[in-house]
Amino acid sequence: YGPHVMTMATGDNLEIVNGDPILHNVHALEATGDGLQTVFNIAQPVRGQRTQVDAPLTRPGIIALSCEAGHPWMSAYILVAGHPFVATTGDNGEFVIEGVPAGNYPIKMWHEGIRLQRVLTSLQRFEYEEPYEVTQNVVVPAGGEVVVDFAFALRPSS
């Protein structure tokens, strides 16, 4: 899937496009108090097929996307935010969040889990370790800029 990670605001609409000449599906799951719940599951058998997700994404959080049409390596993530102050890093790891009002804010870095934990063959799904999250407090001055550096270390192998 491309992009592999993206951000959206609650209420935004999402369009999915199949660029391959073979069947794919986009199964979107979100973690809830009742476990993983399907947000949508859309089959796309035709190259160039464009599908508008019927309902806008309304709850803030991370939505995991996977293809269960025999392609368990295909995955992506959507961060649905309840505010406009989000960004996805570029290939160089840099990001810019424009228009943040002056104030004191927590800023969180999220990165998907890296190490493969298990393969669920019957579900055509790979499961990885828990995501990495780091939060810092940032003071944004009126009309100013702030530089934030995030770093994390890989967890030890088990």
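Everything discussed here concerns the structure shown above.
Residues numbered from 1 in each chain as written. Predicted model: local features only at pLDDT ≥ 70, side-chain atom pairs only at ≥ 80, totals over all residues. Heavy atoms only, no water.

Draft legend 1. Fine view of the nonpolar core. With 14 residues, the main nonpolar core has Leu 14, Ile 16, Phe 40, Leu 57, Ile 63, Leu 65 and Ile 78 as its most contacted residues. The set of elements that each furnish at least two residues to this core consists of β3 (24-32), β4 (35-44), β6 (61-66) and β7 (75-81). A per-element tally of this core places β7 first, with 3 residues. Ignoring any residue separated from it by four or fewer positions in sequence, one finds Leu 65 in contact with Tyr 1, Val 26, His 27, Ala 28, Phe 40, Met 74, Ser 75, Ala 76 and Ile 78. (Core = buried A, V, L, I, M, F, W, Y, C linked by side-chain atoms within 4.5 Å. Buried < 20%, exposed > 50% of the residue type's maximum accessible area, 1.4 Å probe, protein only. Helix = DSSP H or I, 4+ residues; strand = E, 2+ residues; numbered from the N terminus. Contact = heavy atoms within 4.5 Å.)

Draft legend 2. Representation of the sheet that holds β4. Strand order in the open sheet formed by 5 strands is β1-β7-β6-β3-β4, with mixed pairing between adjacent strands. Looking along the sheet, the strands with just one partner apiece sit at the ends: β1 (5-9) and β4. This sheet shows a mean twist of 25 degrees between the axes of neighbouring strands, independent of strand direction. In this sheet, β4 lies alongside β3 in antiparallel orientation, the contact comprising 9 bridges. When the bridges of β4 are listed, His 27 appears paired with Asn 41. (Pairing = 2+ DSSP bridges. Axes fitted to C-alpha atoms, helices over the stretch in contact; angles between N-to-C directions.)

Draft legend 3. Examining the environment of Ala 31 more closely. In this structure, Ala 31 sits in strand β3. Considering only alpha carbons, one finds Ala 31 and Val 53, 22 residues apart in sequence, at a separation of 19 Å.

Draft legend 4. Quick peek at unusual backbone geometry. Pro 3 follows Gly 2 through a cis peptide bond whose omega is 0 degrees. Examined against the element boundaries, Pro 3 turns out to sit in the segment before β1.

Draft legend 5. Spatial organisation of the side chain of Glu 129. Structurally, Glu 129 is set in the loop between β10 (125-128) and β11 (132-140). Here Glu 129 falls in the buried class, since its relative accessible area comes to 10%. At 3.0 Å, the side chain of Glu 129 and the backbone nitrogen of Ile 114 are in polar contact. Each residue touching Glu 129, except ones within four places of it in the same chain, is listed here: Gly 113, Ile 114, Arg 115, Gln 117 and Arg 155. (Polar contact = N/O pair within 3.5 Å; in protein donor to acceptor, adjacent residues only side chain to side chain.)

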